[in-house]
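Coordinate analysis (summary)
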Amino acid sequence: MQTSFTAEQLRDPAIAASNQVLRTCVHCGFCTATCPTFVLLGDELDSPRGRIYLIKDMLESGRPATGDVARHVDRCLSCLSCMTTCPSGVHYMHLVDHARTVIEETFRRPWHDRMLRALLAAVLPYPGRMRAALAAARLGRPFAALVPGSTTLGRRLRAMLALAPRGQMPRSTLDGVRTHPAEGTRRARVALLAGCAQRVLDPGINDATIRLLTRLGVEVVVARGAGCCGALTHHMGRHAPAMASARANIDAWTREIEGDGLDAIVVNTSGCGTTLKDYGFMFRTGEAALRERAERVASLVADISEFLVRIGYAPTREPPGLTVAYHAACSLQHGQRVTEAPKLLLRKAGFRVVEPAEGHLCCGSAGTYNLLQPEIATRLRDRKLQNIRTTAPDLIAAGNIGCLTQLAGGGLPTVHTVALLDWMAGGPAPAGLKPAPPATGTR
Amino acid sequence: MSEALAPADEEGVVTALAEAYDAGVPLEISGRGSKRGMLRPVQAARGLSVAGHAGITLYSPQELVIAAKAGTRLDEIEAAVAAHGQHLIAEPPDLSGVLGVRAPQTLGGVVAANLSGPRRIAGGATRDHVLGVRAVNGRGELIRSGGRVLKNVTGLDLCKLLSGSHGTLAVLTEITLKVLPAPERCGTVTLTGIDPTKGVAALSAALGSPYGVSAAAYLPAGAAARVPALAWLGAAVALVRVEDFAPSVAYRTEKLRQELARFGRTELLDDGASRNAWRAVRDALPLRGEEGAIWRVSVRPSAAPAAAAAVVGAFGARWFMDWGGGLIWIAGPPSEAAHDAVVAAARAGGGTWMLLRAPDGLRAAASVIPQEPPALARITSAVKAAFDPKGILNPGRMYPGV
Amino acid sequence: MIAQPAPKQEVLARRDAIVAGLRRLLPESGVIAEPIRLRPYETDGLAAYRQPPLAVALPETTEQVAAVLRFLHEEGVRIIPRGAGTSLSGGALPMADAVVVGLMRLNRILAIDYADRCATVQAGVTNIGITQAVQGTGFFYAPDPSSQLACMIGGNVGMNSGGAHCLRYGVTANNLLGLKIVTVSGEIIDIGGAHLDAAGYDWLGLLTGSEGQLAVVTEVTVRILRGPEGARAMLAAFRANEVAGACVDAIISSGIIPVALEFMDRPAIHACEAFAHAGYPLDAEAMLIIEVEGSPAEQDFLLSRIREICERHDPISLKVSQSAEESAAIWKGRKGAFGAVGRISPDYLCMDGTIPTGRLPEVLRRIGEMSERYGLKVANIFHAGDGNLHPLIMFDANDPDSFARAERFGADVLRLCVEVGGCLTGEHGVGVEKRDLMDAQFTPTDLAQQRRIKDAFDPLWLLNPSKVFPLVETLKQAA
Ligand SMILES: Cc1cc2nc3c(=O)[nH]c(=O)nc-3n(C[C@H](O)[C@H](O)[C@H](O)COP(=O)(O)OP(=O)(O)OC[C@H]3O[C@@H](n4cnc5c(N)ncnc54)[C@H](O)[C@@H]3O)c2cc1C
Ligand code: SF4
Ligand code: SF4
């Protein structure tokens with residue numbers, strides 16, 4: 001597609017990179033049809049091609065972002081369905097991330113929006129703060145109905161309250177900073193991204209991951225200094241804090257790589273995995289040494305399902321006779337293009353795996369999206385649950401905590417893929433499921 | 001009517017029509033006149049026949065195209081393509097038997113009436129294979145549309161508009177058709193003694209199978225008795241045809257017999273018997289020799305049994321179905337009451353009708369095809385005027401005043 | 001930039017009132033009028049031509065479409081119907097004084113009837129959406145444009161779209177049973193239905209491919225077909241375009257009509273292989289994708305016959321796909337071909353002429369010469385069975401000279417197609433791109449006849465003006 005940046009503008013590396021993305025787009029429109037917001041809203045402005053055009057216009061003009069542009073870019077889920085579809089290889093993710101930064105820098109949002117975003121950016125990446133916030137939210141839930149109805153803030157507060165998990169919030173027993181030795185001979189050594197929000201919302205996922213990996217002969221280290229991957233702030237256009245988080249991780253894992261060595265950096269929240277795999281790009285303009293470290297870290301990142309396929313997984317229990325609706329998280333299927341591994345593993349574990357229609361459409365979770373755009377998020381969730389229910393499963397499996405939270409409360413248990421795999425290989429039954437069949441030890 | 005004009009070439013047609021246009025003289029357009037009895041009688045001062053403008057102008061078997069002047073006899077074209085192992089895809093019928101005429105039909109007439117045979121449901125209608133036309137409009141101007149290539153969306157598609165316009169918009173002078181290799185073998189699975197409702201359900205099942213059914217018809221016992229290849233069955237019959245290479249026909253007819261066994265007893269007609277049976281269906285021979293009027297009713301297939309029952313109830317109609325039930329051929333008394341019953345049955349089935357043959361009185365009085373709703377009728381008049389501003393081409397043939 | 005008629009000043013002057021009028025007829029989100037938000041609607045799949053419209057209207061029902069058209073007709077405002085905006089001929093290019101009427105919100109499947117093998121859907125349902133709705137039962141909607149993921153059935157009707165499998169199954173026009181249309185003055189009319197061959201003039205045939213010139217389509221009833229037992233593709237690689245062309249002739253002459261018969265030249269093979277990793281033969285000058293269907297035994301039978309024929313043409317390699325995944329990869333390369341060219345060149349113009357198949361080698365040779373003369377690369381993709389040729393002319397839109405050369409190159413290619421007995425467009429439509437080449441194919445009388453039909457439907461020429469007909473016709477009309 002034609003662009004009209006001045007030579008002056010193109011000297012800005014961010015603009016130069018976006019120009020490259022825009023030039024790759026041939027405006028064929030293939031991506032519109034697989035974009036969740038276009039499917040729901042039926043307006044090209046809420047489609048990838050429309051957003052690309054709005055962003056192009058904004059960047060070329062060099063003027064501050066307007067409310068119109070912000071509105072349509074904000075509605076983007078960053079689900080990256082458009083990237084899977086695009087035959088030309090347009091890197092929409094880099095373009096929209098750039099646009100979000102420009103919007104954040106040049107557009108003054110309404111006060112309630114600013115407040116909410118600041119709050120999310122200050123809380124979500126920090127497990128301690130998040131735990132405290134959720135405790136407060138649980139207290140607040142009975143009052144959700146009292147939150148005034150028509151204001152945007154009111155709707156969003158209700159959305160937050162609705163998402164807070166019910167029941168006790170157990171803490172993980174395993175995922176603090178330490179090294180978990182392999183059982184038997186050590187076959188590999190990996191770092192685990194312990195994550196931030198997930199650790200609070202469902203610590204059992206990390207526990208299951210560590211149990212399963214160590215049982216398979218993998219040494220797992222939760223590295224000191226590693227924390228939030230940076231995605232949450234990155235997607236809100238907050239460039240500096242995102243880069244700081246990423247930087248901390250790169251340093252932490254580099255120490256491990258250069259110390260006892262790492263065969264992989266394993267991630268069990270696919271949303272984070274997409275960002276980790278992009279560290280090379282994020283630091284592309286940094287000094288050479290940092291860039292190389294970033295690239296090295298990125299190249300080691302593997303989703304837990306990818307890693308399990310690589311080292312081999314086998315169940316030890318009899319098949320449980322359960323039908324699992326596999327929900328492909330966007331970050332996994334579109335962001336990382338990991339599509340077959342989780343299904344393969346679940347089948348191997350003995351589950352009957354069904355794939356709901358419209359599998360390419362996002363469930364509406366999308367990081368903080370369900371908090372920032374509750375109406376669209378809810379419509380997407382309902383549509384997703386409807387498609388899932390038609391397949392009549394016993395439970396839903398997914399590889400991303402955001403999706404699991406979003407789809408919980410739809411009448412079906414939601415379980416992380418790795419928790420199911422761990423269960424069938426000797427671990428405890430995930431909460432909400434019937435007791436496991438006996439171990440056979442022979443399989 | 002004074003003596004018919006019979007131009008020998010396209011230029012002659014142009015001249016004749018230009019003169020008629022200047023003089024405002026309405027003309028009845030024909031090839032060899034085999035379809036004069038169809039639709040409404042034309043009120044014209046003179047006839048114009050393109051029968052003299054005949055001959056194949058292009059045939060390129062590898063490119064799957066044949067072109068011929070409008071007056072070319074259809075059987076000549078069929079023979080030419082058959083010599084290269086090809087055929088006309090829509091399998092146009094020869095209705096001389098039911099229309100009670102001797103005259104051989106011309107290419108122009110078949111296209112102008114958009115007549116298609118049993119293969120319509122699988123291969124498309126005659127209009128689907130008209131790649132290009134040359135024609136002379138009611139102002140005496142030569143117009144062209146389409147071309148000689150298989151795919152063409154350049155400009156408005158006048159090929160389709162003129163196909164089935166019964167000479168009311170322009171006089172076709174030359175037509176290019178797509179052709180295809182004729183299948184090596186043909187086979188037919190029959191279900192005998194089956195009632196119309198189950199029969200149509202069986203045809204639907206066959207057409208909804210993956211076995212490439214190329215024709216599907218249902219004949220009540222009386223109709224089947226008039227088809228030599230089927231008479232021996234001695235009962236009502238549902239027929240399903242497969243055409244392809246010999247091994248495919250053997251395999252698919254066998255599969256279809258298995259699939260259709262749940263509807264009743266199946267038999268297999270071999271190549272020769274199949275060809276005979278389907279030629280009879282194509283040419284509506286089960287209704288040959290019927291006195292009175294003949295209608296073609298087009299409905300959604302699942303509505304066909306009820307439509308047939310309705311006309312049988314109303315006037316003891318004789319009938320049979322082609323196109324998986326989508327086309328019902330009906331014979332009955334040439335009365336307004338019978339016509340009204342056909343119209344009601346077609347409407348109830350969400351479809352349309354055509355009074356194919358009847359005495360002039362009924363043809364002039366009845367709506368031989370459905371009246372269009374006012375908004376569409378206005379467009380019809382405007383489009384007619386766009387081709388034939390003075391209304392000199394087959395006036396009144398389709399609708400009164402058009 | 002392509003020449004367009006001057007906008008009607010009196011319409012531009014009433015802009016606010018027109019927008020206000022639209023807002024009375026549609027929900028709030030259904031009217032777009034802010035300059036920034038109009039930009040993304042300024043172009044379609046032919047992004048070289050751009051013009052923001054006066055406003056965009058996004059109705060949700062046939063009744064709303066009718067209300068909008070009635071209003072715009074009364075106000076004398078030009079109307080640009082738009083589906084997914086994937087037209088490659090600029091068919092949905094707006095005008096400054098026109099309102100784009102987008103049909104994308106009419107996206108519901110209304111009825112599926114397996115016994116009668118038809119489905120009724122709204123105009124904004126995507127092409128593949130129809131197949132997805134019925135494929136669970138083994139049915140499909142046959143026309144399969146490469147853009148089928150995105151393009152909408154209303155747009156397919158507008159352009160009479162085809163696809164790789166239309167050699168066997170026909171194009172859009174051959175697969176339609178009924179339409180619901182809205183006339184320019186806002187009247188709603190049903191054409192056809194679930195039955196075949198309605199009596200009366202063939203409105204279905206005339207409207208299909210009329211590029212939004214005659215009416216706006218809001219509902220479509222299509223035939224759905226039961227799919228075959230299976231299908232398999234074969235790749236045949238040849239040393240020269242002539243040889244591949246001769247092989248196509250030999251296959252057809254043998255009485256075999258494959259379901260698809262696609263030709264790619266060397267640059268196209270390389271571009272697509274880089275994208276799809278389908279194992280395309282990189283050492284070949286020309287490649288055929290030949291697909292057959294039926295039971296496994298039937299496929300074997302046909303493929304062995306085809307293989308024999310290919311072997312008589314000194315092939316470099318012959319490869320039969322061994323699995324569904326391999327076949328999918330083969331088709332992924334072909335269907336993503338345009339985008340794949342987008343990877344090796346920032347921009348391309350996709351030509352769409354049709355030629356008599358026997359003239360392929362000569363036409364490719366002459367296109368090669370033009371490519372040298374204009375200094376622009378070209379990749380050729382060809383629906384070999386039906387003669388539809390897609391030369392993809394690569395250029396750089398940021399270089400105005402390169403674009404100007406590409407436009408002239410394209411026009412020369414299309415004139416060549418007409419010269420050898422073909423036509424300007426096989427499936428993408430005339431749009432704005434080819435309108436001024438129409439006189440290469442038609443006489444003034446031919447065009448005048450078409451124009452009078454346009455007059456009959458749309459006397460004021462408000463529907464998608466300045467397309468299809470040479471610009472002079474539109475100007476004449478406006479005068
Ligand atoms: C990469 C690529 C590959 C393609 N491959 C093919 C191919 O293989 N075969 C093929 O035939 N085409 C192909 N196309 C062209 C294009 O996809 C088709 O022309 C398609 O039918 C357009 O549909 P749309 O919904 O995008 O319509 P639009 O582009 O929005 O509109 C197309 C035309 O139809 C009119 N129109 C749209 N909707 C309506 C309506 N409801 N009522 C009346 N008029 C309407 C518009 O005014 C316009 O003139 C391809 C395009 C691209 C970008
Ligand atoms: S990332 Fe998802 S929501 Fe955003 S434009 Fe792409 S497909 Fe649409
Ligand atoms: S699919 Fe890719 S090239 Fe096509 S419009 Fe979307 S981003 Fe651009």
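Residues numbered from 1 in each chain as written. Chains lettered and ligands numbered in written order. Predicted model: local features only at pLDDT ≥ 70, side-chain atom pairs only at ≥ 80, totals over all residues. Heavy atoms only, no water.

1. Some points on the overall build of chain B
Looking only at helices and strands, chain B has 15 helices and 17 strands in total. For chain B, whose C-alpha radius of gyration is 21 Å, the value lies close to the compact-globule estimate of 21 Å for 402 residues. By its C-alpha atoms, chain B is 65 × 50 × 35 Å across when sized along the principal axes. Expressed as a percentage of its 402 residues, the buried residues of chain B come to 63%. Put simply, 74% of the contacts in chain B that link residues at least 6 apart link residues at least 24 apart. Just so you have it, chain B exposes about 13,000 Å², and 51% of that area is on carbon and sulfur atoms. For chain B, the distance from the average site of its 41 positive side-chain charges to the average site of its 35 negative ones is 3 Å. (Helix = DSSP H or I, 4+ residues; strand = E, 2+ residues; numbered from the N terminus. Rg over C-alpha atoms; globule rule 2.2 N^0.38 Å. Buried < 20%, exposed > 50% of the residue type's maximum accessible area, 1.4 Å probe, protein only. Contact = heavy atoms within 4.5 Å. Areas by Shrake-Rupley, 256 points an atom, 1.4 Å probe, with all protein chains shown as cover. Lys, Arg positive; Asp, Glu negative; His and termini not counted. Charge placed at Lys NZ, Arg CZ, Asp CG, Glu CD.)

2. Brief notes about a nonpolar patch on the surface
All names here are of chain C. On the surface, a nonpolar cluster with roughly 210 Å² of combined accessible area is contributed by I109, I112 and Y114. Positionally, I109 belongs in strand 5 (residues 109–113). Judged by its relative accessible area of 34%, I109 is partly exposed. (Patch = residues over 30% accessible without salt bridge, like charges linked within 9 Å, V, L, I, M, F, W, Y side chains within 5 Å. Salt bridge = Lys/Arg side-chain N within 4 Å of Asp/Glu carboxyl O.)

3. Some points on the domain arrangement of chain C
It is common to give the size of an interface as the accessible area that goes away when the parts come together. Residues and elements named next belong to chain C. On domain assignment, one finds that chain C holds domain 1 (9–105), domain 2 (109–226), domain 3 (231–337) and domain 4 (345–437). Relative placement of domain 1 and domain 2: their C-alpha centres are 23 Å apart. Of the residues lining the interface, 18 residues belong to domain 1; the matching set on domain 2 comes to 20 residues. Roughly 1,400 Å² of surface becomes buried between domain 1 and domain 2 when both sides are summed, with 73% attributable to carbon and sulfur atoms. Three residues, T62, L69 and L103, lead the burial of domain 1 against domain 2; their summed loss comes to 31% of the area buried on that side. Taken together, the links from domain 1 to domain 2 amount to zero salt bridges. Counting every contact that joins domain 1 to domain 2 gives two residue pairs in polar contact (both at pLDDT 80 or more). (Domains from an automatic or database assignment. Buried area = accessible area lost by both parts, 1.4 Å probe. Polar contact = N/O pair within 3.5 Å; in protein donor to acceptor, adjacent residues only side chain to side chain.)

4. Here's the deal with the packing of aromatic side chains
For any two aromatic rings, the description comes down to two numbers: the centre-to-centre distance and the angle of the planes. Following the criterion strictly, the structure yields 15 aromatic pairs over all chains and no others. Ring centres of W461 of chain C and F469 of chain C lie 5.1 Å apart, and the angle between their planes is 45°; this geometry places the pair in the tilted category. Using a relative accessible area of 0% as the deciding quantity, one classes F469 of chain C as buried. The ring centre of Y53 of chain A lies 5.7 Å from the NZ or CZ of K56 of chain A, which sits over that ring. Over the ring of Y169 of chain C we find R168 of chain C; its NZ or CZ atom is 4.7 Å from the centre of that ring. (Phe/Tyr/Trp six-rings, centres within 6.5 Å; stacked < 30°, edge-to-face > 60°. Lys NZ or Arg CZ within 6 Å of the ring centre and 35° of its normal.)

5. Notes on the site of ligand 2
All names here are of chain A. Ligand 2 sits among C35, P36, P48, R51, C76, L77, S78, C79, L80, S81, C82 and Y92. Elements represented by at least two residues in the shell around ligand 2 include exactly helix 4 (48–61) and helix 6 (81–85). Per-class residue counts for the shell around ligand 2 are nine nonpolar, two polar and one charged. (Near = heavy atom within 4 Å. Nonpolar A, V, L, I, M, F, W, Y, C, P; charged D, E, K, R; others polar.)

6. Description of the pairing of strand 10 (residues 185–192) of chain B
Residues and elements named next belong to chain B. Most of strand 10 sits inside the fold, with seven of its eight residues counted as buried. Where strand 10 meets strand 12 (residues 237–244), eight bridges bridge the pair, whose relative direction is antiparallel. Paired with G187 across the two strands is V242, which belongs to strand 12. Sheet topology places strand 10 next to strand 13 (residues 266–269); four bridges connect them, and they run antiparallel. Among the inter-strand pairings, T188 is bridged to a residue of strand 13, identified as L269. (Pairing = 2+ DSSP bridges.)

7. Description of the pattern of salt bridges
For the coordinates displayed, the defined rule picks out 84 salt bridges over all chains. Of the charged contacts in the structure, one is a salt bridge between R127 of chain B and D128 of chain B, with a shortest N-O distance of 2.6 Å. Between E433 of chain C and K434 of chain C there is a salt bridge whose closest N-O contact spans 2.6 Å. Assessed through its relative accessible area of 16%, E433 of chain C is described here as buried. Each of D74, E104, R109, D113, R117 and R238 of chain A takes part in a single network of salt bridges with overlapping partners.

8. As for the interface of chain C and chain B
The interface is formed by 86 residues belonging to chain C together with 78 residues belonging to chain B. For the chain C face of the interface with chain B, the top three residues by lost area are R117, D197 and Y201 of chain C, together amounting to 11%. Connecting chain C to chain B are nine salt bridges. Salt-bridge contacts for E298 of chain C lead to R252 of chain B; the nearest nitrogen and oxygen are separated by 2.7 Å. Scanning the region where chain C abuts chain B turns up 31 residue pairs in polar contact (both at pLDDT 80 or more). Those elements that place two or more of their residues in the side of chain C that touches chain B are helix 7 (166–169), strand 9 (188–192), helix 8 (203–207), helix 9 (241–253), helix 11 (296–311), helix 16 (438–441) and helix 17 (444–457) of chain C. A per-element tally of the side of chain C that touches chain B places helix 17 of chain C first, with nine residues.

9. A closer look at helix 20 (residues 341–348) of chain A
Every α-helix winds through 3.6 residues per turn, so residues three or four apart in the chain are directed the same way. Residues and elements named next belong to chain A. Listing the buried residues of helix 20 in full gives A341, P342, K343, L345 and L346. Packed against the buried residues of helix 20 are helix 18 (304–311), strand 6 (323–326), helix 19 (330–335), strand 7 (352–354), strand 8 (395–398) and helix 24 (417–424). G350, located one to two residues past helix 20, shows a positive phi value of around 105°.

10. Some remarks on the environment of S209 of chain B
Here S209 of chain B is to be found in the loop between helix 7 (196–207) and strand 11 (213–219). With 47 residues separating them along the chain, S209 of chain B and L256 of chain B place their C-alpha atoms 8.2 Å apart. When neighbours within four sequence positions are excluded, S209 of chain B is seen to be in contact with L256 and E259 of chain B together with R226 of chain C. There is a polar contact of 2.7 Å between the side chain of S209 of chain B and the backbone oxygen of A206 of chain B.

11. A word on unusual backbone geometry
Located in the positive-phi region is S78 of chain A, a residue other than glycine, with phi close to 55°. Following the sequence through the fold, S78 of chain A ends up in the loop between helix 5 (67–74) and helix 6. You will see that N160 of chain C, though not glycine, has its phi angle at about 50°, which is positive. Along the chain, N160 of chain C falls in the loop between helix 6 (153–159) and helix 7.

12. What about the interface of chain C and chain A?
Every contact between the two is made by 40 residues of chain C and, on the other side, 35 residues of chain A. Of the roughly 2,900 Å² buried at the junction of chain C and chain A (both faces included), carbon and sulfur atoms supply 53%. Summed over the three residues of chain C that lose the most area to chain A, namely I36, R37 and P40 of chain C, the buried surface amounts to 20% of that side. Where chain C packs against chain A, one counts five salt bridges. The shortest N-O distance in the salt bridge between R23 of chain A and D347 of chain C comes to 2.8 Å. Mapped by element, the contributors of at least two residues to the side of chain C that touches chain A are helix 3 (35–38), helix 13 (337–344) and strand 16 (347–350) of chain C. Per-element tally for the side of chain C that touches chain A: the top contributor is helix 13 of chain C, with four residues.

13. Quick look at the domain arrangement of chain B
Residue and element names in this part refer to chain B. The domain boundaries assigned to chain B delineate domain 1 (1–182 + 371–402), domain 2 (185–282) and domain 3 (289–365). Each side of the interface is counted separately: domain 1 has 16 residues, and domain 3 has 13 residues. With both chains or domains summed, domain 1 and domain 3 bury close to 1,300 Å², and 59% of this area falls on carbon and sulfur atoms. The largest per-residue losses of area from domain 1 upon contact with domain 3 belong to L39, P41 and V98, which jointly make up 34% of the total buried on that side. For the pair domain 1 and domain 3, the interface holds zero salt bridges. Every element with two or more residues in the side of domain 1 that touches domain 3 is listed here: helix 3 (96–99) and helix 5 (120–123).

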